[in-house]
Number of protein chains: 4
Amino acid sequence: MAAHKVGIIGASGFTGAELLRLLAGHPGLDVVVATGDSQAGVRVGELYPSLAVAYGDLAYRAWTPGLADELGLDVVFLGLPHGTSQPLVAEVHDGQRLVVDLGADFRLKDPALYPRWYGAEHTIPALLGEAVYGLPELFREELAGARLIATPGCYVTTATLALAPLLAAGLVEPTGIVVDAASGVSGAGRPPKPTNTFNAVDENFEAYGLLTHRHTPEIEQNLSHVAGAAAQVLFTPHLAPMNRGILATCYARPTGPVTTEGLRAVLREAYASEPFVAVTDAPPSTKATLGSNAVHVSAVADERTGWVVALAALDNLTKGASGGAVQAANVALGYDEATGLTAAGLYP
Amino acid sequence: MAAHKVGIIGASGFTGAELLRLLAGHPGLDVVVATGDSQAGVRVGELYPSLAVAYGDLAYRAWTPGLADELGLDVVFLGLPHGTSQPLVAEVHDGQRLVVDLGADFRLKDPALYPRWYGAEHTIPALLGEAVYGLPELFREELAGARLIATPGCYVTTATLALAPLLAAGLVEPTGIVVDAASGVSGAGRPPKPTNTFNAVDENFEAYGLLTHRHTPEIEQNLSHVAGAAAQVLFTPHLAPMNRGILATCYARPTGPVTTEGLRAVLREAYASEPFVAVTDAPPSTKATLGSNAVHVSAVADERTGWVVALAALDNLTKGASGGAVQAANVALGYDEATGLTAAGLYP
Amino acid sequence: MAAHKVGIIGASGFTGAELLRLLAGHPGLDVVVATGDSQAGVRVGELYPSLAVAYGDLAYRAWTPGLADELGLDVVFLGLPHGTSQPLVAEVHDGQRLVVDLGADFRLKDPALYPRWYGAEHTIPALLGEAVYGLPELFREELAGARLIATPGCYVTTATLALAPLLAAGLVEPTGIVVDAASGVSGAGRPPKPTNTFNAVDENFEAYGLLTHRHTPEIEQNLSHVAGAAAQVLFTPHLAPMNRGILATCYARPTGPVTTEGLRAVLREAYASEPFVAVTDAPPSTKATLGSNAVHVSAVADERTGWVVALAALDNLTKGASGGAVQAANVALGYDEATGLTAAGLYP
Amino acid sequence: MAAHKVGIIGASGFTGAELLRLLAGHPGLDVVVATGDSQAGVRVGELYPSLAVAYGDLAYRAWTPGLADELGLDVVFLGLPHGTSQPLVAEVHDGQRLVVDLGADFRLKDPALYPRWYGAEHTIPALLGEAVYGLPELFREELAGARLIATPGCYVTTATLALAPLLAAGLVEPTGIVVDAASGVSGAGRPPKPTNTFNAVDENFEAYGLLTHRHTPEIEQNLSHVAGAAAQVLFTPHLAPMNRGILATCYARPTGPVTTEGLRAVLREAYASEPFVAVTDAPPSTKATLGSNAVHVSAVADERTGWVVALAALDNLTKGASGGAVQAANVALGYDEATGLTAAGLYP
């Protein structure tokens, strides 16, 4: 297969930088342009010294209308803040080229959820139906040949992979679910803020976004999909003093008698053929997934209190964002799904 | 008041070192002996360079029977592993001297819980009734004049202070509660283990002790006490890559209509006179309590899903262990409750 | 002694917050006002939750001319960026009130050094002679009764305490010295910047300010003072992924045969009566000084290569800034030098 | 080229785990056996969950004599403590198979240095001449076709790449050099020790191994080689609170007038064709190299004090150990030198 020409719009943020890191090792996807309006003219390796050797003289440029056609781009990734992807997707999505949005603009299927959770109407709701949700573990068939992919939110991938097989098997109730999760700081993005300085974060652990985090309806959408019934989730994110990684600890009520072994058997069967998912007996750790596309999943049943606890860990920037996007793109384009990705994490 | 002679048995562990740090600034409690069998002969400042200037030539010595009488100790703190406090408390507790156990041996009132959660019968159950639970916010009156104090577990203090006023007010159900908490690594103690090396912990977040953590029955004991009904709690601890600090995020079902403001009003009233408890609108952060005896507490009500979320943060070694022990000892001995303690945390 | 009324100008930065933390436990220094122009109206405990319990409703206010007289301030601390202290010191310094500047504006005695290292002429050079350099270990006598104190730079205190006794004893050459030091991130201050975000700093170690750091002439000033000859220093600061702490590793050429034991004997004699300095055989660690006013110092002589290595560690915000300022103020006001300070550091 | 069968002896330590991580993505090197006597029977993914997905059921086994022949190994890597490699290398080195030692046993050419720095005579000094020093930047020609490779020490690679071109060009004196370096904690290996627990290391910075670190003679050997004269180095390592990364800040005396630009021009020319070395204007940061085989190098000249400062940063486990070993093996076996390696580091 001849190499595909790739453009990354919004490549100066963390998901863009992670895409650049991954695509440096992808034999079929050649990055020919990286845009970043605020960084136009800056070399990639200047903003991200970690990419200095791999990308040499490549510099960010500003996006200009028509650029995708001009450069003959086969694939466009977008790493933009919510709301800003919509007009750009409308421009570059032509049914031929593969468009992969890493933002939130095409994740929710129900247009009514955008004003409620994101504060504004969706401007091109017609495309919501066409967008395929980029989670191969749930939508692999739909992704084959897709030309518009909505990459899931990082917390969403984590919670979904922990709970989906249990809901699909009818083992737990779809309502009354609590998702308690902790993320590394990179989830907050690159721009300096009072809340992401080293001195604010290091040696600190705290909850944020209580009751209002935007990944809530997206988790519910996925869980409803697999459960075949309206799921309801209380989601509490926390900030942990680390660069990367998400752990979701999920609490659900069993529909009937369950055992720890029974839960894990269902998880193992669901993920038996997955290239990146491990079902573990030990509680999943974020470090087991650092810098890789791996996901670790486990579950326990508590007879005493009548709760099921399902857990999943992954790297929020890799499997939780750019790695997941590459995996979905591989499926869409017909590459081996693991191309350019590794399941071997960085340790220690 | 003439100064009290203090002995610390088991002063080579982290709770012992924290006691030494705090008592270096306590005008009434003079440390005259610090024991640590495995460190006998080692200077305190050699094992803990942070105490080198404050403790000069003080060296650990081995415990020998009769030492408390020999040295005329007025106060004995014990910082020993579970099970090992019992014979020592039996020896040093004479009804005159104040004995403060920082371990788990006298925390649970029901002797039947020891074999179940700690794997062995209690050897002196008669003393369980005499031991006062060292949480001034709940048992201040009982602590006045007490001569045997059981210092609460670190997670237990955190979860209890988050939930107790809500249960006491009948705002939430005592069963079906989930306590999801994260702790810094010092909770695991000083001895090196594969699970507490820097490379295992840094950049990692994971759950541990799923369903089986020994602080579970202790949380239930406290919550049952204030609720006047049997409380039931699923407790999931996590390890966060930081030295100190615990955050407990607690989920409970409201008994009727509640609002966030209503919950906080109850918390504010309950803690109005407390010298170390702040009720906050912002989610509590562990860093706000670092190195201090402060506790930050908050709560929210979620109409959408029908959950109450109550949160508390503290420093596991200070308020969660040695600071809480000093506070309780101050009450027992008639000192101002805040003597030797500070509410001003280390930041950044 | 009746309590002194204290004002902190520029109390919203890290040195201001550290002063507030320390003065919360100082029996003689009562903070009556804390200014912070950009934070006017914000409660101290809102900006620094760690101070919420200790400072209750105290809010930052804007500085207004005449405020010191209006409030009858006995002591004024200034925690302001370079250059901005000069006019304020000119206003509040009246020969009665104690003024303690934590900035760089009065540290260098030679006015010619300001344009060269700080880029602007000093506006009130007449006060440079009156300002006493706030390092009690070198200038204790001059500090007694002083009314204008210039608190040393954090790196400067560290390097000076490592090297001064060796130079004073004539054991090492005053030129050709290399000071290689690493600091925690709080040295960079509170405002968020691309270089102090968690993601930029965590898991990173790098040098900065190569050849140009402004603490260079100040180190040379101190070492020249004790050596009685012009000292010359190459100073390389590094940023370490931690909140607090400075370690200086200093390289100097011996003037004649020296031994490790000989070097340490000189250090021990020099610091024998110091309340906060420990001379150690083990290499000093920043963690031994965390949150305390302690300094750990050591030295070795290398026969093979003909170098002397002198090391010192301290907490950059405590002994390296606000703790050192309180210590100097104690001397100036006649308090016991250790009032409000501790030598017992936070560990772990 | 048909794939090579690879065995890793001592694969349970950090360098072994890093080799496994890298070789998971190497198309020509197939790991067929991983030994680890203390972990025999344990699955690789159990000890290192980061490798669970990539290595599935591969378990450590004990080394047994004759195993290399039995399994027909083409390549053997050894990740063993000093002294223990010698007998194993004697067994597996047959002149056909490639043997790559990651330990220190074959690094020093002069047998007299082993008793002095490592405390014991070398047992097979005849092989010292045959072993090629595995630093392609200095010995690429000798590595082609080599069958015994001694992988350099992590600090040694760092300091050598910073200084070698300057010495080779005669710009700095070979004696009087100071190498001041800081390393992440993984350099201390996997076994838990009081000095590598999270609580000992986090928020701490300290020097260790003053005057006696074993990488000293190895740095001198390399610098002498390029200078053509006996080099002498004082080396001071420090421990930084991070998992990976080394920064070396090196001080040397210029032989004549030099400028910062002149120094960098020499570095740029020396490394123009190197696939993994970047010469930067900004001070090198360890984070720029995290998880990659990249090295960042820079230098400045200080006219004022007459010093040259040369700096280099790399990942101690990748380029500083296992990545460097793979790079050297690629050269020896005729693979493209970058096979299985990336220059794109993990950020943030």
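Residues numbered from 1 in each chain as written. Chains lettered and ligands numbered in written order. Predicted model: local features only at pLDDT ≥ 70, side-chain atom pairs only at ≥ 80, totals over all residues. Heavy atoms only, no water.

**Looking at the packing of aromatic side chains**
Each aromatic ring pair is characterised by the separation of its centres together with the angle its planes make.
Here's step 1: In total, this model carries 34 aromatic pairs over all chains according to the counting rule given.
Here's step 2: Where Phe14(A) meets Tyr347(D), the ring centres are 6.3 Å apart and the plane angle is 75 degrees; that geometry is what we call edge-to-face. A residue pair is termed interchain when its members come from two chains, as with Phe14(A) in helix H1 (residues 14-23) and Tyr347(D) in the segment after helix H12 (318-333).
Here's step 3: When its relative accessible area of 6% is taken as the criterion, Phe14(A) is described as buried.
Here's step 4: An aromatic cluster is built from Tyr251(A), Trp307(A), Tyr251(B) and Trp307(B), whose rings are joined through pairwise contacts.
Here's step 5: Between Arg253(A) and the ring centre of Trp307(A), over which it is positioned, the NZ or CZ distance is 3.8 Å.
Here's step 6: For Lys287(C), the ring lying beneath its charged end belongs to Tyr347(C), and the centroid distance is 5.3 Å. (Phe/Tyr/Trp six-rings, centres within 6.5 Å; stacked < 30°, edge-to-face > 60°. Helix = DSSP H or I, 4+ residues; strand = E, 2+ residues; numbered from the N terminus. Buried < 20%, exposed > 50% of the residue type's maximum accessible area, 1.4 Å probe, protein only. Lys NZ or Arg CZ within 6 Å of the ring centre and 35° of its normal.)

**As for the sheet that holds strand S11 (residues 277-279) of chain C**
All names here are of chain C.
Here's step 1: If you walk across this open sheet you meet the 7 strands as S8-S9-S7-S10-S13-S12-S11, and the pairing is mixed. Only two strands of the sheet have a single neighbouring strand rather than two, namely strand S8 (206-207) and S11.
Here's step 2: By the bridge criterion, 7 bridges tie strand S10 (residues 246-252) to strand S13 (residues 307-314) in an arrangement that is antiparallel. Bridge pairing in S13 links Ala248 to Ala312. (Pairing = 2+ DSSP bridges.)

**Quick look at the relation of the copies chain C and chain B**
Here's step 1: If you rotate chain C by 180 degrees and push it 0.0 Å along the axis, it lands on chain B with an RMSD of 0.0 Å. Such a combination of turn and shift is consistent with a two-fold rotation axis.
Here's step 2: The share of interface residues of chain C whose copies in chain B are also at the interface is 100%, consistent with both copies meeting through the same surface. (Least-squares fit on C-alpha atoms with pLDDT ≥ 70 in both. Contact = heavy atoms within 4.5 Å.)

**Points about the packing of helix H8 (residues 154-168) of chain D against helix H11 (residues 260-270) of chain D**
Each pair of packed helices can be summarised by the angle the axes make with each other and by the distance between the axes.
Residues and elements named next belong to chain D.
Here's step 1: Running from N to C, H8 and H11 point in directions that differ by 105 degrees, and their axes come no closer than 9 Å. As far as their axial angle goes, H11 and H8 are roughly perpendicular. Only Leu263, Val266, Leu267 and Ala270 of H11 make contact with H8, whose side of the interface consists of Ala162, Pro165 and Leu166.
Here's step 2: The residue inventory of the contact of H8 with H11, partitioned by class, reads 7 nonpolar, no polar and no charged. (Axes fitted to C-alpha atoms, helices over the stretch in contact; angles between N-to-C directions. Parallel < 35°, antiparallel > 145°, perpendicular 65-115°, else oblique. Nonpolar A, V, L, I, M, F, W, Y, C, P; charged D, E, K, R; others polar.)

**Things to note about the side chain of Glu220(B)**
Here's step 1: Positionally, Glu220(B) belongs in helix H11 (residues 215-227).
Here's step 2: The exposure class of Glu220(B) is buried, given its relative accessible area of 11%.
Here's step 3: Of note is the side chain of Glu220(B), whose polar atom sits 2.8 Å from the backbone nitrogen of Val233(B).
Here's step 4: Look past the residues within four positions of Glu220(B) in its chain and what remains in contact with it is Arg304(A), Ala231(B), Gln232(B) and Val233(B). (Polar contact = N/O pair within 3.5 Å; in protein donor to acceptor, adjacent residues only side chain to side chain.)

**Section: the side chain of His238(C)**
Here's step 1: By the secondary structure assignment, His238(C) is in strand S9 (residues 233-239).
Here's step 2: For His238(C), a relative accessible area of 1% puts it in the buried group.
Here's step 3: At 2.8 Å, the side chain of His238(C) forms a polar contact with the side chain of Thr249(D).
Here's step 4: In contact with His238(C), not counting residues within four places along its chain, are Tyr155(C), Asp180(C), Ala181(C), Ala182(C), Ser183(C), Phe205(C), Glu206(C), Ala207(C), Tyr208(C), Leu247(D) and Thr249(D).

**Here we look at the pairing of strand S3 (residues 75-78) of chain A**
Residues and elements named next belong to chain A.
Here's step 1: Judged by which residues are buried, S3 turns out to be covered on both faces: Val75 and Phe77 on one side and Val76 and Leu78 on the other are all buried.
Here's step 2: Two strands pair when backbone bridges link them, and strand S1 (residues 4-9) and S3 are joined in this way by 4 bridges, in the parallel orientation. The partner of Gly7 across the bridge, within S3, is Val76.
Here's step 3: Relative to strand S4 (residues 98-101), S3 runs parallel, the two being bridged by 4 bridges. Bridging across to S4, Val75 finds its partner in Leu98.
Here's step 4: The β-α-β motif built from S3, the intervening helix H5 (residues 85-92) and the parallel element S4 has right-handed crossover chirality. (Right-handed = clockwise from strand over helix to strand, strands pointing away.)

**Structural notes on the relation of the copies chain A and chain B**
Between the two copies of this chain, the relationship is a rotation about some axis together with a displacement along it.
Here's step 1: For the pair chain A and chain B, the superposition axis carries a translation of 0.0 Å, the fit reaches an RMSD of 0.0 Å, and the rotation angle comes to 180 degrees.
Here's step 2: A share of 100% of the interface residues of chain A reappears at the interface of chain B, consistent with the copies meeting face to face through the same patch.

**Side note on the interface of chain A and chain B**
Here's step 1: Counting residues at the interface gives 50 residues for chain A and 50 residues for chain B.
Here's step 2: Taken together, the two surfaces of chain A and chain B that pack against each other cover about 4,100 Å², and 59% of this comes from carbon and sulfur.
Here's step 3: When the buried surface of chain A facing chain B is broken down by residue, Glu203(A), Phe205(A) and Arg304(A) rank first, second and third, together holding 18% of it.
Here's step 4: Joining chain A to chain B, the criterion identifies 2 salt bridges. (Buried area = accessible area lost by both parts, 1.4 Å probe. Salt bridge = Lys/Arg side-chain N within 4 Å of Asp/Glu carboxyl O.)

**A word on the sheet that holds strand S7 (residues 177-183) of chain B**
Residues and elements named next belong to chain B.
Here's step 1: Pairing is mixed in the open sheet, where 7 strands are placed in the order S8-S9-S7-S10-S13-S12-S11. Each edge of the open sheet is held by one strand with a lone partner, namely strand S8 (206-207) and strand S11 (277-279).
Here's step 2: The pairing of S11 with strand S12 (residues 295-302) spans 3 bridges and is classified as parallel. What sits directly across from Val279, in S12, is Val297.
Here's step 3: Relative to the sheet, H11 contacts S7 and strand S9 (233-239), its axis offset from that of S9 by approximately 130 degrees.

**What about the interface of chain C and chain B?**
Here's step 1: Taken together, the contact between chain C and chain B spans 32 residues of the former and 32 residues of the latter.
Here's step 2: Taken together, both faces of the contact between chain C and chain B bury some 2,500 Å²; the carbon and sulfur share is 67%.
Here's step 3: Considering only the side of chain C, the residues that lose the most area to chain B are Val53(C), Leu346(C) and Pro348(C), jointly responsible for 25% of the buried surface there.
Here's step 4: Run the count over chain C and chain B and you get 0 salt bridges.
Here's step 5: At the boundary of chain C and chain B, one finds 8 residue pairs in polar contact (both at pLDDT 80 or more).
Here's step 6: When contributions to the side of chain C that touches chain B are tallied by element, the ones reaching two or more residues are helix H1 (14-23) and helix H3 (52-55) of chain C.
Here's step 7: Here the side of chain C that touches chain B is built from residues that sort into 20 nonpolar, 6 polar and 6 charged.

**Topic: the domain arrangement of chain A**
All names here are of chain A.
Here's step 1: Under the domain assignment, chain A is made up of domain 1 (4-151 + 319-333) and domain 2 (155-315).
Here's step 2: Between the C-alpha centres of domain 1 and domain 2 the distance comes to 25 Å.
Here's step 3: Our enumeration of links across domain 1 and domain 2 arrives at 3 salt bridges.
Here's step 4: Linking Arg140 and Glu274 is a salt bridge whose minimum nitrogen-to-oxygen distance equals 2.7 Å.
Here's step 5: One can count 13 residue pairs in polar contact (both at pLDDT 80 or more) joining domain 1 with domain 2.
Here's step 6: Of all elements in the fold, only H1, helix H6 (113-118), helix H7 (136-143) and helix H12 (318-333) reach the threshold of two or more residues within the side of domain 1 that touches domain 2.
Here's step 7: The residue makeup of the side of domain 1 that touches domain 2, split by class, is 11 nonpolar, 6 polar and 8 charged. (Domains from an automatic or database assignment.)

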